[in-house]
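Topology and contacts: notes
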Amino acid sequence: MTFAFLIMLVICIFKFGKNILIRDKKTLLTCLLLGLLCHGLFNIFYINSIKLNGMAIAAVLMYSAPVFTALGAKIFFHEKFTGFKILALIINILGCILTATGGNIFNASIKISGVLFGIGSGFCYGMVAVIGRMAGEKTNSLLISLYSYFAAMIFLFVFTQPEIFFESRVLGIGFLYGLIPTCLAYLFYYAGIKKVSDTSKVPVIASIEPVTAVILGYILYHESVSAGNLAGMILVLISVFMAMK
């Protein structure tokens, strides 16, 4: 979050100059909430979920996000639950489970606290689309990112060991992590929220992420891909196409 904030700060100063300040209190509070909940708490919940139950189960629980987005969209934006939308959500969740685990989800003993952290991470991730839309279509995606990263940076600093920050390996990986899967990823995500009229569709479309992770794992790290993984990837792609209808 620190690197993401610094990168975005340079970009925003270069692009907007003095207009970098958000003067609308409602928009500012929305951006800060986005940072605290969807970046700050999300990271804490997800990391603890991985520590307690492993990556596969944590990923599956995190991809409960579309359900929370659909509920949030119904509560705040009065979007309707249709049979087609519910079917797309079910296919999407099943696809994510198979993609992440290959069908072998219960190989290890599952800790309840890890499950709660995982569901918490799914809730936080699901609220990105909801709170991002609350910021308003007129608010620039760059400024939304800047302020949300700042809030998350301050929040997460409380839980961080300061001496680790200055390790060379952390600095190098931290910069890349801040640039690619944080700055660039969320810029596309916030821009996408503005383009997609139905909020609940956003995390379904974004769920192409585990498919990409499996493909990159196979290409870069020679990880095995099972029939279950392939079946899950197909289901995710089907749900994405359904969400785009």
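Residues numbered from 1 in each chain as written. Predicted model: local features only at pLDDT ≥ 70, side-chain atom pairs only at ≥ 80, totals over all residues. Heavy atoms only, no water.

For the rest of this paragraph, the subject is the side chain of Ser 49. With respect to the helices and strands, the residue Ser 49 is situated in helix H2 (residues 25-53). Residue class for Ser 49 comes out buried when judged on its relative accessible area of 0%. A distance of 3.4 Å separates a polar atom in the side chain of Ser 49 from the backbone oxygen of Gly 114. In this view, Ser 49 contacts Gly 54, Ala 58, Leu 61, Gly 114, Phe 117 and Gly 118; residues no more than four positions away in its chain are not counted. (Helix = DSSP H or I, 4+ residues; strand = E, 2+ residues; numbered from the N terminus. Buried < 20%, exposed > 50% of the residue type's maximum accessible area, 1.4 Å probe, protein only. Polar contact = N/O pair within 3.5 Å; in protein donor to acceptor, adjacent residues only side chain to side chain. Contact = heavy atoms within 4.5 Å.)

Here we take up helix H4 (residues 65-77). For H4, which comprises 13 residues, the first-to-last C-alpha distance of 17 Å matches the rise-based estimate of 18 Å (1.5 Å per residue) to within 8%. What H4 keeps buried is the set Ala 65, Pro 66, Thr 69, Ala 70, Gly 72 and Ala 73. Buried positions in H4, seen along its axis, are confined to an arc of 165° and lie on one side of it. Those residues of H4 that are buried lie in contact with helix H3 (55-62), helix H5 (83-101), helix H6 (112-134) and helix H9 (202-206). (Expected span 1.5 Å × (residues − 1). Arc of directions from axis to C-beta.)

Moving on, we get to a nonpolar patch on the surface. A surface patch of nonpolar side chains, about 780 Å² in accessible area, is lined by Val 67, Leu 71, Ile 75, Phe 76, Phe 81, Ile 86, Ile 90, Leu 94 and Met 134. Taken together, the elements giving at least two residues each to the nonpolar patch come down to H4 and H5. With 4 residues, H4 is the single largest residue contributor to the nonpolar patch. Among the secondary structure elements, Ile 86 is positioned in helix H5. (Patch = residues over 30% accessible without salt bridge, like charges linked within 9 Å, V, L, I, M, F, W, Y side chains within 5 Å. Areas by Shrake-Rupley, 256 points an atom, 1.4 Å probe, with all protein chains shown as cover. Salt bridge = Lys/Arg side-chain N within 4 Å of Asp/Glu carboxyl O.)

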